[in-house]
Amino acid sequence: MRWFIPYLLVILALVIGVMFLIPTQEWQSQINDAIFVANFVMIFTILVALFIVQRGYVKVAALTVLLMLFGIATYLTVVSFQTLHNPDIVIYLILIPLAGLLLGKRPMIGFAIMAFCAVLIIAYLEWQGYIASPLGQQTSVNDLVIMLLAITFNTVFLNAAIGRAEAKTEETRRSTAELSIVNQELAHSQAELQQARDKLEIRVSERTEELRLANSQLQAEIEQRQRLFDALHKSEANWRSLVTNVPELIATIQTDGLISFINRPVDGQSAAALIGKHAQELYAQPQYQAVFEQSMQQVIATGKMITYESEIEVGEKTFWYLNRLGTIQQAERVEALILISTDITEQKQTEVAMHRMQKMESLGVLAGGVAHDFNNLLTVISAQQSLALLKLPANDPLRRHLQKTMKAVARATELTHQMLNYAGRGKSEQKMINLNELVADNIHLFSASIPKNVRLSTTLADKLPLLYGDQGQLQQLIMNLLLNSADAIGGEAGEVKITTRRHELRPAEQSAWPWAGQALKPGPYILLEVQDTGCGMDATTLAKIFDPFFTTKFTGRGLGLASAIGIVSAHQGGLHVESTPGQGTTFFILLPIVDEPVSAPDATASPITTSLHGELVLLIDDEEDICEATAEILTTAGLNVIMAYDGPTGLAKFRKQQTTIKLIILDLSMPIMNGEAVLQEIRKLDPAMPVLLTSGYDEYEVMDRVQEYAVGFIAKPYTVDMLLQTVHQQLAQALGQKNALVIA
């Protein structure tokens, strides 16, 4: 028993030190190294203290342990946390009563003074900038005052309590001495027994009063403990309220896998019903139950936190969760596990949308490149066939075959336009458009394009705002959606409904429009809905419907919806699809509203009647077939042509015959030296030289790149009439304005 109390006090100090050396999660990354040093010092000091206790120096051992705890708290505060805002600062408040209990009043006051000075020094270092919290926290004057008052009041109250206890002890010692004297007197003199009895009665009376006072003090202590218990109960209630209201699912799990606490219901089961059940029941799918079981065993074995993801399907929606499974330890022993599950559904949806946007952007670049190369080939075919038609007599039977081929070239050109639309590069004529009027003016065309078993209806909002865009592309967009809806209905009777209305896009809805290729800005939009009663689509089909060349039709090309998303993207709009198998599909399209009218360029131009022959034209194109065919067409029209198959050669020929060249036809995409670089050099040599750019890309994309220069443009593939008319116009304007810059 003599050794039990010293050992108990040392172990109590050890447990308190370890408890406050365990960092909170927000400080974990900051004190990994420091906690190792602190634990090492603590273990070494405790071993030394036990050795001293065995030698009989109990107070020295207690003083050693208390100084160790004070040093560790000061070390962690200054070196790791670097602020009074840290969990280990509470050790100062605990050391003071420990010093009083183990060593007495004076050591307790000494430790209080040490803590008081340490807090002042740390605050001074922090305010002077010698130390700074890694988490950006800083001690305020109020924090310092509260801490110093806590140390002061703690010391004063404990000093008073220990003083009273020492006084009572001294008084008890004196009483014992007096009683011993009385006993000695009783042994020496029987005659004084009565007197001793009287004195004893008096002493008993005094002791009774003392016991009454002690009983009153005990009652006060009981009441104080009750208040502490009530405060603890209130603190626990606050903790439970906090845990219950956080968005994460939090559960404490015993080492056998049974749930001891959970803060919310799961899958229709209340939190109370889940208590005592195995934590595997939190997961509906067997694979995640297995993942949890494996993770639990690993956490118990290693003591390290494990993170894993899981998903839950609720109806047609899927929810993703990030699960963190860690340990609850006491005295370095795993007592229980804690599971925190965070809903990351929105993050997952954002990742999927970003992946889809990157995929669509990559496919758009591919489609634009294919369309460009295809237009070059069509230019050669169209030019050669046009030359053949010019050279054949009007009644030659071969003309019929060539004309059919020219129609096929025209259809192929429309196909490349669809590919450019998919790539978001298919802009053409932009103007102010009333979407209701566009639908109403084309309703008969739309109705004639779908089977008779499909009924077309419209619900158009009144006073719909205007939008700025390309009327032909929007008409094609609606037509593609209608044809897709009609195909989904098939041979049975069904309905396709077109609806327009104004829609205010809120910030919370931005993630619901992932198909546009860019983030939509909150604000007013026009909402176009195309809803059908067809067969609908499952999630797998819905994820692929906008991929180019993906189709569920035997004769389809898979470009209708692919071009639709390109048109929406070109108009800075958004697109969303909802579909349920067996119930139909609804396409939602957002188009931005134009607050102020946009003035469209004047397309009218005065007719040019000047007849031009014999002018010298420089033709620069890396495609030899295109270059030769174009040169032959221009030569047939009476112009003189010199050709160059790359940029440097073209510049050399221009420098040589600069005074005689009247027009330069320049391809934009060439190896070695592209058309933009060639154009810059030409402008340096002759700022007024007429230049006609040609490219397989769209005019708007090309002109955006060279908008600082005054140039004309003709898109590939071009017909003989288009080429001659454009060249004729460029030459006529150049001659009429005497080397003025020409803007096509």
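In case you missed it, the structure is sitting above this.
What counts and how
Residues numbered from 1 in each chain as written. Predicted model: local features only at pLDDT ≥ 70, side-chain atom pairs only at ≥ 80, totals over all residues. Heavy atoms only, no water. Axes fitted to C-alpha atoms, helices over the stretch in contact; angles between N-to-C directions. Helix = DSSP H or I, 4+ residues; strand = E, 2+ residues; numbered from the N terminus. Parallel < 35°, antiparallel > 145°, perpendicular 65-115°, else oblique. Contact = heavy atoms within 4.5 Å. 1 Å grid on protein atoms, 1.4 Å probe; cavity = no way out; pocket = protein on both sides within 12 Å on 5 of 7 lines; lining within 4 Å. Points joined across faces, edges and corners; volume = space filled by probe spheres on them. Nonpolar A, V, L, I, M, F, W, Y, C, P; charged D, E, K, R; others polar. Pairing = 2+ DSSP bridges. Buried < 20%, exposed > 50% of the residue type's maximum accessible area, 1.4 Å probe, protein only. Right-handed = clockwise from strand over helix to strand, strands pointing away.

Student: Before we move on, could you go through the packing of helix α3 (residues 58-81) against helix α5 (residues 105-127) and cite the residues and values that matter?
Tutor: Look at α3 against α5: their axes get within 11 Å of each other, and the N-to-C directions meet at 10°. Our classification of the angle between α3 and α5 gives roughly parallel. Contact residues: α3 offers L63, L66, L67, F70, T77 and V78, while α5 offers F111, M114, A115, A118 and I122.

Student: Hey, could you go over empty space enclosed by the protein for me, with residue numbers and the actual values?
Tutor: Going through the model one piece at a time under the given rule, you end up with one cavity of 30 Å³ or more. Reported here for the largest cavity is a volume of approximately 30 Å³. Contributing to the lining of the largest cavity are L619, I620, D621, I626, T630, I665, D667, T694 and Y718. Residue classes in the lining of the largest cavity are distributed as five nonpolar, two polar and two charged.

Student: Run through the sheet that holds strand β15 (residues 661-667), naming residues and quoting values.
Tutor: Taking strand neighbours across the sheet as the criterion, the five strands line up as β14-β13-β15-β16-β17 in an open arrangement whose pairing is parallel. Each end of this open sheet is capped by a strand with a single partner; those strands are β14 (640-644) and β17 (712-715). Neighbour-to-neighbour, the strand axes of the sheet open up by a mean angle of 20°, direction not taken into account. Bridge count for strand β13 (residues 616-620) against β15 is five bridges, and the pairing is parallel. By the bridge assignment, L616 is partnered in β15 with I661. Its contacts with the sheet place helix α19 (residues 675-685) against β13, β15 and β16 (691-695), and it is angled at close to 160° to β15.

Student: Account for the sheet that holds strand β3 (residues 306-314), naming residues and giving values.
Tutor: Read from one edge to the other, the open sheet built from five strands follows the order β2-β1-β5-β4-β3, with strand pairing classed as antiparallel. In this open sheet, the two strands that pair with only one neighbour each are β2 (259-262) and β3. Neighbour-to-neighbour, the strand axes of this sheet turn through a mean angle of 25°, independent of strand direction. Against the sheet, helix α9 (residues 286-302) touches β1 (249-253), β3, β4 (317-330) and β5 (333-343), its axis set at about 160° to β3.

Student: Before we move on, could you go through the environment of V156 and cite the residues and values that matter?
Tutor: Within the secondary structure layout, V156 lies in helix α6 (residues 141-188). V156 gets classed as partly exposed once you look at its relative accessible area, which sits at 46%. Here the alpha-carbon distance between V156 and A112, two residues 44 residues apart in the chain, equals 9.6 Å.

Student: Tell me about the pairing of strand β12 (residues 584-592), and please be specific about residues and values.
Tutor: Counting buried positions along β12 yields eight of nine residues, so the element is predominantly enclosed. Relative to β12, strand β11 (residues 574-580) is paired through seven bridges, and the arrangement is antiparallel. Paired with L575 across the strands is I589, a residue of β12. In sequence, β11 turns back onto β12 through a hairpin of three residues, with G582 there showing a positive phi of about 85°.

Student: Please provide a residue-by-residue account of the packing of α3 against helix α4 (residues 90-103), values included.
Tutor: The N-to-C vectors of α3 and α4 enclose an angle of 175°; their axes lie 10 Å apart at closest approach. What the angle tells us is that α3 and α4 run roughly antiparallel. Along the contact surface, α3 presents K59, A62, L63, L66, L69, F70, A73 and T74, while α4 presents I91, Y92, L95, L98, A99, L102 and L103. Split by residue class, the contact of α3 with α4 holds 13 nonpolar, one polar and one charged.

Student: A description of the pairing of β15 should follow, citing residues and the corresponding values.
Tutor: By the criterion of burial, β15 is predominantly enclosed, with six of the seven residues buried. Judged from the four bridges that link them, β15 and β16 form a sheet pairing that is parallel. Looking at the pairing, I665 lines up with L692 of β16. Once you follow β15 into α19 and on to β16, the crossover reads as right-handed.

Student: Quick one: what's the story with the side chain of T342, residue by residue and with numbers?
Tutor: As for its placement among the helices and strands, T342 is situated in strand β5. Setting aside anything within four residues of it in sequence, one finds T342 in contact with E248, W320, Y321, L322 and R324.

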